Amino acid sequence: MSRVDELCSLNLSPAHGRVAWQPIKWLIIGTAILVLLGIVAWPLLWLFKFSLTAEDGHFTLDTFRTVINEPGMLDAAWNSLRLVINVVLCSTFIGTLLAWTVARTDTPCKSLIVGAVGITFVIPTFITVIAWIFLAAPNSGYLNTLLMQALSLDTPPFDIISFNGLVMIETIHLYPLVFFSVLSALNNVDASYEQAARILGAGRLRSTLTITLPLVLPAILASTILVMLDTLSSFGAPAVIGTMANFSVLTTKLYDLVSFPPRLNLAAAIAVPIVLYTLLCLAVQRLFIGRDDFRTLSGKVTKGQVLPLGRWRWLMGGAVVVVVFVSVILPLSALLLLSLIKVLGIDISLDNLALENYRHLFDESDTAFGSLKNSLTLAFSTATLCASLAVICAWVVERTQLAGRGAITLLIMIAYGFPSIAFGVGIMLGYINVLYGTLSLLLIAYTAKLLPVAFVLVRTALRQIAVELEEAARIAGAGWLRIMLDITLPLLNVSVGIGWVLVFSLSIRELSMSVMLAQTDSQVMSTVIMQYIADGSIELAAALSVIIVAISVLILGIVWKVSGRTISSRE
């Protein structure tokens with residue numbers, strides 16, 4: 001029996017004429033739009049307003065001049081620029097080369113590489129930095145100590161407490177963005193173009209540079225811009241490394257301005273240029289990609305030929321293993337070991353390993369236990385709210401002729417492009433007199449920032465559902481709410497579910513907005529970890545980080561399994 005036949009067989013009353021007004025439908029849609037305006041448009045308006053407001057409340061442009069003359073601000077801007085350039089170059093090189101290796105060569109253990117890179121991406125930098133401080137701090141790093149003893153070195157070989165160390169940590173976290181984007185593009189390139197070039201006499205290197213590389217250039221550009229924006233808005237690792245190495249970037253200077261005594265107009269004045277730069281990057285990306293036609297898929301796709309590496313196969317495999325080892329295995333092992341140490345600073349032995357740090361975290365009188373409950377509560381609430389808003393907004397955009405529905409998409413996606421710490425300033429300004437210091441304020445910030453993740457997934461899935469299914473139910477007499485509950489949602493359940501778990505995972509580890517908005521009674525795990533680091537309790541920070549990593553990896557596994565099962569069932 002077809003789906004349309006099933007719908008017609010439902011026990012529904014026949015429709016008598018067209019229903020002109022459905023109050024429940026428009027009440028739900030109207031509420032969703034109002035919520036969207038409240039969590040995105042309102043904070044952004046306050047952000048721009050405060051950037052143009054003097055301390056006495058009058059309009060002024062002096063805030064921008066004042067913030068430029070702030071001590072250390074130009075140095076912070078220069079450090080941010082250097083950081084962005086270095087991380088973009090390193091991430092693009094590593095991610096592109098690794099993606100080409102997996103997609104176009106016979107390098108062994110490809111599935112293991114993809115899984116390891118995925119794990120690298122879900123571990124935030126403020127957690128990675130803990131592991132690398134334990135391993136490569138110049139005076140006390142465990143790896144440095146081992147190498148100095150083994151090789152009889154006078155000076156430590158690594159110094160993670162430096163600008164170059166920060167570049168490495170950010171690169172390890174962000175090269176997966178380039179890797180997955182380029183890998184997907186390479187898998188979608190019709191290999192017949194490369195084969196035609198080879199038939200005409202082009203070598204592998206020339207065909208790669210003149211055919212393959214231009215076709216995946218949009219993916220490289222898009223991921224590079226994401227790396228650039230993510231680096232510019234990064235806070236966790238720059239705050240930790242910068243404090244120890246005595247340098248600042250724009251995000252840490254912005255945080256200083258909202259700390260006591262807060263100078264919110266100057267903080268807004270820093271945030272606005274960052275936001276404008278973000279919009280400029282997105283516009284350049286759209287303009288550049290829009291100039292040419294990069295489409296190559298037009299029916300049956302010729303599978304790409306695998307390049308046999310011959311005697312270099314295992315050498316290339318070894319190089320890939322080194323990347324995976326440095327970015328995943330080494331830091332995670334160090335983090336787990338650090339979380340088990342009872343007394344930091346003495347020799348590591350079985351007598352010095354225990355679960356005391358984890359027992360401390362689950363002590364109900366400790367801040368960490370409250371932060372764990374807050375994080376789980378916020379993650380569950382944010383994921384549920386984002387999934388609900390995503391379904392409603394995607395349906396409005398794809399299934400109605402509502403005037404201005406394009407603005408809904410713009411409003412949802414614009415928050416995702418903004419650096420988190422800049423958007424956090426807007427949230428603070430918009431609700432400081434009403435919700436400041438409460439979990440509700442964090443819920444607003446998380447929802448606004450992470451809604452695009454669920455929206456894109458749901459909207460894509462909704463486009464693949466034939467509208468005739470809903471029309472058949474409507475003809476049979478079903479109202480809008482029943483159609484949504486009985487027809488649309490069941491067909492969207494996989495996409496909504498994946499969006500829910502992704503938002504849940506991202507909420508658990510959010511730091512940039514939390515560090516500005518959380519107060520004593522609204523601490524979350526990420527802010528407690530930063531506090532532990534500041535207090536020198538790095539082993540407690542490691543234990544709490546292990547919990548976040550475990551949740552993130554579990555969520556990644558669920559998404560991977562569900563996505564794979566869905567693809568297999570469709571095939």
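See above for the structure.
Attention here is on the structure that accompanies the text. (Residues numbered from 1 in each chain as written. Predicted model: local features only at pLDDT ≥ 70, side-chain atom pairs only at ≥ 80, totals over all residues. Heavy atoms only, no water.)

1. What to know about the overall build of the protein chain
Consideration 1: Each helix and strand in the protein chain was counted, giving 24 helices and zero strands.
Consideration 2: Every one of the 571 residues in the protein chain was classed for burial, and the buried ones make up 49%.
Consideration 3: For the protein chain, the proportion of contacts with a sequence separation of at least 24, taken over those separated by at least 6, is 79%. (Helix = DSSP H or I, 4+ residues; strand = E, 2+ residues; numbered from the N terminus. Buried < 20%, exposed > 50% of the residue type's maximum accessible area, 1.4 Å probe, protein only. Contact = heavy atoms within 4.5 Å.)

2. Overview of the layout of surface pockets
Consideration 1: Considering only enclosed or pocket space, the second largest pocket measures out at about 770 Å³ in volume.
Consideration 2: Elements supplying a minimum of two residues to the lining of the second largest pocket: α11 (236–245), α12 (250–258), α22 (514–517) and α23 (525–535).
Consideration 3: For the lining of the second largest pocket, the per-class residue count stands at 19 nonpolar, twelve polar and two charged.
Consideration 4: Residues lining the lining of the second largest pocket come from more than one domain, with at least three contributed by each of domain 1 (31–69 + 354–570) and domain 2 (82–263 + 317–340). (1 Å grid on protein atoms, 1.4 Å probe; cavity = no way out; pocket = protein on both sides within 12 Å on 5 of 7 lines; lining within 4 Å. Points joined across faces, edges and corners; volume = space filled by probe spheres on them. Nonpolar A, V, L, I, M, F, W, Y, C, P; charged D, E, K, R; others polar. Domains from an automatic or database assignment.)

3. Things to note about the side chain of Thr96
Consideration 1: Along the chain, Thr96 falls in helix α4 (residues 73–104).
Consideration 2: Within the local environment of Thr96, its side chain forms a polar contact with the backbone oxygen of Thr92, the two atoms lying 2.7 Å apart. (Polar contact = N/O pair within 3.5 Å; in protein donor to acceptor, adjacent residues only side chain to side chain.)

4. A word on empty space enclosed by the protein
Consideration 1: On inspection of all chains with the given rule, the structure shows two cavities of 30 Å³ or more.
Consideration 2: Each pocket or cavity is described by its volume, and for the largest cavity that value is around 70 Å³.
Consideration 3: Contributing to the lining of the largest cavity are Thr120, Ile123, Ile127, Thr128, Ala131, Ile172, Ser327, Pro331, Leu332 and Leu335.
Consideration 4: If you list the elements that add at least two residues to the lining of the largest cavity, you get α6 (125–136) and α14 (313–340).
Consideration 5: Among the elements that line the lining of the largest cavity, the one with the most residues is α14, at four residues.

5. Description of a nonpolar patch on the surface
Consideration 1: Among the surface-exposed residues, Ile24, Leu481, Leu485 and Leu489 lie close enough to one another that they form a single nonpolar patch of about 330 Å² accessible area.
Consideration 2: In terms of residue count, helix α21 (residues 480–508) provides more of the nonpolar patch than any other element does, three residues in total.
Consideration 3: Structurally, Ile24 is set in helix α2 (residues 23–51). (Patch = residues over 30% accessible without salt bridge, like charges linked within 9 Å, V, L, I, M, F, W, Y side chains within 5 Å. Areas by Shrake-Rupley, 256 points an atom, 1.4 Å probe, with all protein chains shown as cover. Salt bridge = Lys/Arg side-chain N within 4 Å of Asp/Glu carboxyl O.)

6. Some details on the pattern of salt bridges
Consideration 1: Across all of its chains, the model carries five salt bridges by this definition.
Consideration 2: We note a salt bridge from Glu70 to Arg263, for which the minimum N-O separation is 2.9 Å. Taken together, the residues Glu70 in the loop between α3 (62–68) and α4 and Arg263 in the loop between α12 and α13 (264–290) connect sequence positions 193 residues apart.
Consideration 3: Residue Glu70 is classed as buried on the basis of its relative accessible area of 15%.
Consideration 4: Arg263 sits in the partly exposed class, given a relative accessible area of 33%.
Consideration 5: With a closest N to O distance of 2.8 Å, Glu356 and Arg359 form a salt bridge.

7. Some points on the environment of Asn144
Consideration 1: On the secondary structure map, Asn144 appears in helix α7 (residues 142–151).
Consideration 2: Here the side chain of Asn144 touches Phe158 through a polar contact of 2.8 Å, landing on its backbone oxygen.

8. Points about unusual backbone geometry
Consideration 1: Its identity is not glycine, yet Ser152 carries a phi of approximately 55°, on the positive side.
Consideration 2: Structurally, the position occupied by Ser152 is in the loop between α7 and α8 (163–188).

9. Side note on the packing of aromatic side chains
Consideration 1: Tallying each qualifying case throughout the model produces eight aromatic pairs.
Consideration 2: Summarising the aromatic geometry, the rings of Phe134 and Tyr142 are spaced 5.8 Å apart at their centres and angled 10° between planes, so their arrangement reads as stacked.
Consideration 3: The rings of Trp42, Trp46 and Phe50 are connected pair by pair, giving a single aromatic cluster.
Consideration 4: Here the guanidinium or amino end of Arg82 rests over the ring plane of Phe163, the centre of that ring lying 3.9 Å away. (Phe/Tyr/Trp six-rings, centres within 6.5 Å; stacked < 30°, edge-to-face > 60°. Lys NZ or Arg CZ within 6 Å of the ring centre and 35° of its normal.)

10. Some remarks on the packing of α6 against α7
Consideration 1: Where α6 meets α7, the axes come as close as 3 Å, and the angle between the chain directions of the two elements is 25°. Between α6 and α7, the interaxial angle falls into the category roughly parallel. Together, Phe134, Leu135 and Ala136 of α6 and Tyr142, Leu143 and Asn144 of α7 make up the contact between the two elements.
Consideration 2: Each residue belonging to the contact of α6 with α7 can be placed in one class, and the counts come to five nonpolar, one polar and no charged. (Axes fitted to C-alpha atoms, helices over the stretch in contact; angles between N-to-C directions. Parallel < 35°, antiparallel > 145°, perpendicular 65-115°, else oblique.)

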